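Here are the chains, one letter per residue:
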Amino acid sequence: MSKKVYCLAQFKAKPGKEKALFEVLQSLEPNTLREDGCLQYRLTRHIDSPFAEGNSFPIVFNEIWSDMAAFEAHCQRKEIVGFFERYCAAEDGLAEDWNVTVYSDEPEQYDAPIIE
């Protein structure tokens, strides 16, 4: 059974704050990559393509965690909590909107082998 957790943490900056928000988010990468259970933590930005015309937030973290416990531990780190308080929730923060979602690569009702 796969225990990996895939997270998309998406951000929309306030007008004129795109570069500043991207730089603050980049500053989270080095410490996060040192966390136990962090398999991938990559900050990306939206680019245009005629083959990918869907709606999107302009800045997205693509994350892979070894399991839900590692992801949840990450979310509770002071640096991460502080980021959301200062740059997302605060009236004078840089983010206009954000959306954090998690996914599993395991099919629903997967018949995983029993390991004893």
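You'll find the structure just up there.
These figures come from a predicted structure and were not determined experimentally. (Residues numbered from 1 in each chain as written. Predicted model: local features only at pLDDT ≥ 70, side-chain atom pairs only at ≥ 80, totals over all residues. Heavy atoms only, no water.)

J.: Explain the nonpolar core here, please?
T.: For soluble globular proteins, the rule of thumb is that nonpolar side chains tend to be buried together. Of all hydrophobic cores here, the largest spans 22 residues; its most connected members are Phe11, Leu21, Leu25, Tyr41, Phe61, Trp65 and Phe83. Once residues within four sequence positions are removed from consideration, Leu21 is found in contact with Phe11, Lys12, Ala13, Ile59, Phe83, Leu94 and Ala95. (Core = buried A, V, L, I, M, F, W, Y, C linked by side-chain atoms within 4.5 Å. Buried < 20%, exposed > 50% of the residue type's maximum accessible area, 1.4 Å probe, protein only. Contact = heavy atoms within 4.5 Å.)

J.: Got a minute to help me understand the pattern of salt bridges in this structure?
T.: Note on pairing: side chains with opposite charge can pair once their charged atoms come close. Enumeration according to the criterion identifies five salt bridges in this entry. The salt bridge involving Glu23 is made with Lys19; its shortest N-O contact spans 3.2 Å. Pair noted here: Glu23 and Lys19 are both in helix H1 (residues 18–26), with a separation of four residues, about one helical turn. For Glu23, a relative accessible area of 41% gives the class partly exposed. Among the charged side chains, a salt-bridge network with shared partners connects Glu35, Arg77 and Glu79. (Salt bridge = Lys/Arg side-chain N within 4 Å of Asp/Glu carboxyl O. Helix = DSSP H or I, 4+ residues; strand = E, 2+ residues; numbered from the N terminus.)

J.: Could you clarify how one ought to interpret the packing of aromatic side chains in this entry?
T.: The relative placement of two aromatic rings is captured by the distance of their centres and the angle of their planes. Using the criterion set out here, one finds seven aromatic pairs in the structure. By the ring-pair criterion, three or more aromatic residues cluster together here, those being Phe11, Phe83, Phe84 and Tyr87. Positioned above the aromatic ring of Tyr87 is the side chain of Arg86, whose terminal nitrogen or guanidinium carbon lies 5.2 Å from the ring centre. (Phe/Tyr/Trp six-rings, centres within 6.5 Å; stacked < 30°, edge-to-face > 60°. Lys NZ or Arg CZ within 6 Å of the ring centre and 35° of its normal.)

J.: It is not clear to me how H1 should be interpreted in this structure. Could you clarify?
T.: In an α-helix, one full turn covers 3.6 residues, which means residues spaced three or four apart are oriented alike. All buried positions along H1 are accounted for by Leu21, Val24 and Leu25. End-on, the buried residues of H1 take up no more than an arc of 100 degrees, which puts them together on one face. On its buried face, H1 sits against strand E1 (5–13), helix H2 (29–33), strand E2 (38–45), strand E3 (59–65), helix H4 (78–89) and strand E4 (95–103). (Arc of directions from axis to C-beta.)

J.: What should I look at first to understand the side chain of His74 in this one?
T.: Among the secondary structure elements, His74 is positioned in helix H3 (residues 68–75). Under the relative-accessibility criterion, His74 is labelled buried at 3%. If we skip the residues at most four places from it in the chain, His74 touches Thr32, Glu35, Tyr41, Glu63, Trp65 and Ile80.

J.: Is there a simple way to explain H3 in this structure?
T.: Among the residues of H3, Ala70, Phe71 and His74 are the ones counted as buried. Projected down its long axis, H3 shows its buried positions confined to an angular sector of 100 degrees, all on one face. On the buried face of H3, the contacting elements are E1, H2, E2, E3, H4 and E4. Capping of H3 at its N-terminal end is provided by Asp67; its side-chain oxygen lies 3.3 Å from the backbone amide nitrogen of Ala69. (Polar contact = N/O pair within 3.5 Å; in protein donor to acceptor, adjacent residues only side chain to side chain.)

J.: Can you help me understand the sheet that holds E4 in this one?
T.: By definition, the strands of a sheet pair up through backbone hydrogen bonds, in either a parallel or an antiparallel sense. Taken in spatial order, the four strands make up an open sheet running E2-E3-E1-E4, and their pairing is antiparallel. In the strand order of this sheet, the two ends are held by E2 and E4, each with one partner. The average angle at which neighbouring strand axes cross in this sheet is 10 degrees, direction not considered. In terms of strand pairing, E2 meets E3 through seven bridges, oriented antiparallel. Among the inter-strand pairings, Arg42 is bridged to a residue of E3, identified as Asn62. Set on the sheet, H4 makes contact with E1, E2 and E4; between it and E4 the angle comes to about 140 degrees. (Pairing = 2+ DSSP bridges. Axes fitted to C-alpha atoms, helices over the stretch in contact; angles between N-to-C directions.)

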